[in-house]
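Report on the structure
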Amino acid sequence: MKKTLISLALIAMTMLAMTACSTKTESNNEVNDFRIKRGTNLSHWLSQSEERGEARKQHIQEDDFQRLEQLGFDFVRIPIDEVQFWDEEGNKLPEAWDLLTNALDFCGKYHLRAIVDLHIIRSHYFNAVNEGNGSANTLFTSEKAQQDLINMWYQLSDALKGYSNDSVAYEFMNEPVAEDHEQWNQLIAKVHKALREREPQRTLVIGSNMWQGYQTMKYLKVPEGDKNIVLSFHYYNPMILTHYGAWWTPIGKYTGKVNYPGVLVSKEDYEAAPDSLKKELEQYLTQEWNVDKIREDFKDAIEVAKRYGLQLFCGEWGVYEPVDRELAYKWTKDMLTVFDEFNIAWTTWCYDADFGFWDQKKNDYKDKPLVEMLMNSKGLEK
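Rules of the game
Residues numbered from 1 in each chain as written. Predicted model: local features only at pLDDT ≥ 70, side-chain atom pairs only at ≥ 80, totals over all residues. Heavy atoms only, no water. pLDDT = per-residue confidence, 0-100. Contact = heavy atoms within 4.5 Å. Helix = DSSP H or I, 4+ residues; strand = E, 2+ residues; numbered from the N terminus. Expected span 1.5 Å × (residues − 1). Buried < 20%, exposed > 50% of the residue type's maximum accessible area, 1.4 Å probe, protein only. Polar contact = N/O pair within 3.5 Å; in protein donor to acceptor, adjacent residues only side chain to side chain. Phe/Tyr/Trp six-rings, centres within 6.5 Å; stacked < 30°, edge-to-face > 60°. Lys NZ or Arg CZ within 6 Å of the ring centre and 35° of its normal. Salt bridge = Lys/Arg side-chain N within 4 Å of Asp/Glu carboxyl O. Pairing = 2+ DSSP bridges. Axes fitted to C-alpha atoms, helices over the stretch in contact; angles between N-to-C directions. Core = buried A, V, L, I, M, F, W, Y, C linked by side-chain atoms within 4.5 Å. 1 Å grid on protein atoms, 1.4 Å probe; cavity = no way out; pocket = protein on both sides within 12 Å on 5 of 7 lines; lining within 4 Å. Points joined across faces, edges and corners; volume = space filled by probe spheres on them. Nonpolar A, V, L, I, M, F, W, Y, C, P; charged D, E, K, R; others polar.

Our focus in this paragraph is the confidence of the model for the protein. Taken residue by residue, the protein gives an average pLDDT of 92. The fraction at 70 or more is 91%. Taken as a whole, residues 1–27 scores under 50 in pLDDT and shows 1 contact with residues more than four places along the chain or in a different chain.

Quick look at the structure:
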C-alpha cells in the first residue's frame, strides 16, 4: 500500500510538472494584441540627424503625439541610430534614452502603439553600398559586430521591457543589405533567439534582405512557431516618381516629364534626356505603372505573410516633397487601395522631414490633402 501511495504521488507530481510546462509553453505562444494599421515614421530625430541638445529635445514634443492621435493614426515607427544612443566605446548617451522613453510614454498617453526601429548601426548602413562604401558594412562577416548588435538589444530590452507587449514592438534592424540572403536569415535566427530569452512574447518586426525589398520576401526565413512577429517590407517604386529630384539617387538627376498612371517616360522624353541617364530610364519606357502593378509587386510579400500566418507591414513608403503633387496623390491613392485590400499595415515616410506632411518650423501642415487622403483609408478595426 505504501509503495502504491508513493507511486500515485509520483504520478501526480509528474502530471503537475507536465501541466506547468505546458502552461508555460502556451503562454509563450500567446499572440499579443499588437494590432496596427495606419502610422508614420518619426524620422530624422533620433536617427539620421545631427541635432543634439535643445534642438533635438524640441524637435518632437507631446503635441506631435496628440496631433497624430487626433488625425486618426494608431501607431508610430521610431527610427533610432547607434551613434545617438552609444558612444564609440559603447557607453550609453543618456539624453537620447530619455527622449525615447518620453516618446513611448506619450504614445501610451495618446493611444498610439510604437515600433522602436534600430535604423543605422556602426557596422551596417543601408546606403553604404549606394555610396560606394559597401566595405564599411562588417555586420554579416564579423562575429563581434553581430554580438555588438545583440548587446545593443539587450540594453534596449532592459530599458523598454516595462512597456506592454501590446503597445511597443522591436524592429531589430532596418533595411539589411547582405550579399547573400542566407547571411541575413542566420542573423535573424541569432538575434531572435537572444531576444526571446529575455522577452518571450515581445512583438518583433522582421524585414527582408536588400533594403527590405518586396522582391526578396520569398527568400526570408522566419523563426517557426512564433506568432508575435510582424513581417516588414518597404516600397518606393517607381523611384523615378517617388524620388524625382532627389539629389542622393541617380534617377533624381532626371528633369524631364514623368507620367502616372501608365508608361512613366515617353520615347520623346527619353531621347531628350542626357546620355548618362538613359540606362537608368530604360526600365520606365515600356512598363505600365498603376494599381495593378503595385498589387503584383506586393504578391510575394502577401503570400509569405499568409504562409506564416503573420501580419504584414509596409514600414516605409512615400513621395519626395518636390514631386508634382497630383502625381504624388494618384500614386498614394493606389498604394492605399492595395493596403486596404490586403489589410497591410503601414507607416508613411514620414511625418515632418522631406517626405512628410507636417512642418515643424511653421507648426502647420505642408500637405493637408495628403493627410486627408491617408485618413480616408481603412483604419484599425476596433
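On we go from here.
What follows deals with helix α14 (residues 325–341). The terminal C-alpha atoms of α14 lie 24 Å apart, and with 17 residues this matches the ideal 24 Å at 1.5 Å per residue to within 8%. Residues L327, A328, Y329, W331, T332, D334, M335, L336, V338 and F339 constitute the buried set of α14. The inward-facing, buried residues of α14 abut α9 (239–242), α12 (291–297), β9 (311–316), β10 (345–348) and α15 (368–375). Capping of α14 at its N-terminal end is provided by D324; its side-chain oxygen lies 3.1 Å from the backbone amide nitrogen of E326.

Over its 18 residues, helix α7 (residues 181–198) extends 26 Å from the first C-alpha to the last, a length consistent with the 26 Å expected when each residue adds 1.5 Å. The opening residue of α7 is D180, an N-cap whose side-chain oxygen sits 2.7 Å from the backbone nitrogen of E182.

Any two aromatic rings considered together are summarised by their centre-to-centre distance and by the angle between their planes. Counting across every chain of the model gives 26 aromatic pairs. Ring geometry for F172 versus W184: centroids 6.1 Å apart, planes at 50 degrees, classification tilted. Remark: W184 occurs in helix α7 and F172 occurs in the loop between β4 (168–171) and α7; sequence separation between them is 12 residues. In this structure, F172 and W184 share a single accessibility class: buried. Each member of the aromatic cluster is reached from another via a ring pair, and the members are Y214, F233, Y235, F298, W317, W331, F339 and W346. Across the ring face of W97, the terminal group of K92 is positioned such that the distance to the ring centre comes to 4.1 Å.

A separate point is the pattern of salt bridges. The full count for this structure, using the stated rule, is 27 salt bridges. The closest approach of N and O atoms between R35 and D33, which form a salt bridge, is 2.8 Å. As a salt-bridge pair, R77 and D117 come within 3.3 Å of each other at their nearest N and O atoms. Linking R77 in strand β2 (residues 75–81) with D117 in strand β3 (residues 113–120), this pair joins segments that are 40 residues apart in sequence. Comparing R77 with D117, the two get one shared label, buried.

Before going further, it helps to spend a moment on the sheet that holds β3. Strand order in this closed barrel of 8 strands is β1-β2-β3-β4-β5-β6-β9-β10, and the pairing throughout is parallel. Each adjacent strand pair in this sheet contributes to an overall mean axis angle of 25 degrees, direction not counted. Across the sheet, helix α5 (residues 94–109) touches β2, β3 and β4, and the angle it forms with β2 is around 175 degrees.

Here we come to unusual backbone geometry. Working note: non-glycine residues mostly have negative phi, and peptide bonds are mostly trans. Cis peptide bonds are those with omega within 30 degrees of zero, and the linkage from Y260 to P261 qualifies with 0 degrees. Topologically, P261 is positioned in the loop between α9 and β7 (262–263). With omega at 10 degrees, the peptide bond leading from W349 into C350 counts as cis. Mapped onto the elements of the fold, C350 is located in the loop between β10 and β11 (358–359). We note that H111 has phi near 60 degrees; this positive angle belongs to a residue other than glycine. In this fold, H111 is placed in the loop between α5 and β3. Positive phi outside glycine occurs at E175, with the angle close to 40 degrees. Take E175: it is sitting in the loop between β4 and α7. Judged by its relative accessible area of 8%, E175 falls in the buried class.

Moving on: the nonpolar core. Ranked by size, the top nonpolar core spans 108 residues in total, and within it I78, L100, L231, F233, Y235 and F298 carry the most contacts. In terms of residue count, the dominant contributor to this core is α14 (8 residues). Residues I115, A169, V205 and A345 belong to the second largest nonpolar core, which totals 9 residues.

Counted under the stated rule, the structure contains 2 cavities of 30 Å³ or more. Size it by volume and the largest cavity reaches roughly 100 Å³. Residue lining of the largest cavity: 14 residues in total, with G318, V319, T348, F355 and L370 positioned closest to the centre. Elements that contribute at least two residues to the lining of the largest cavity include exactly α14 and α15. Among the elements that line the lining of the largest cavity, the one with the most residues is α14, at 4 residues. Estimates place the volume of the second largest cavity at around 30 Å³. Lining the second largest cavity, in full, are H181, W184, N185, S208, N209, T216, Y219 and L220. Counting residues per element, the lining of the second largest cavity draws most heavily on α7, which supplies 3 residues. Grouping the constituent residues of the lining of the second largest cavity by class yields 3 nonpolar, 5 polar and no charged.

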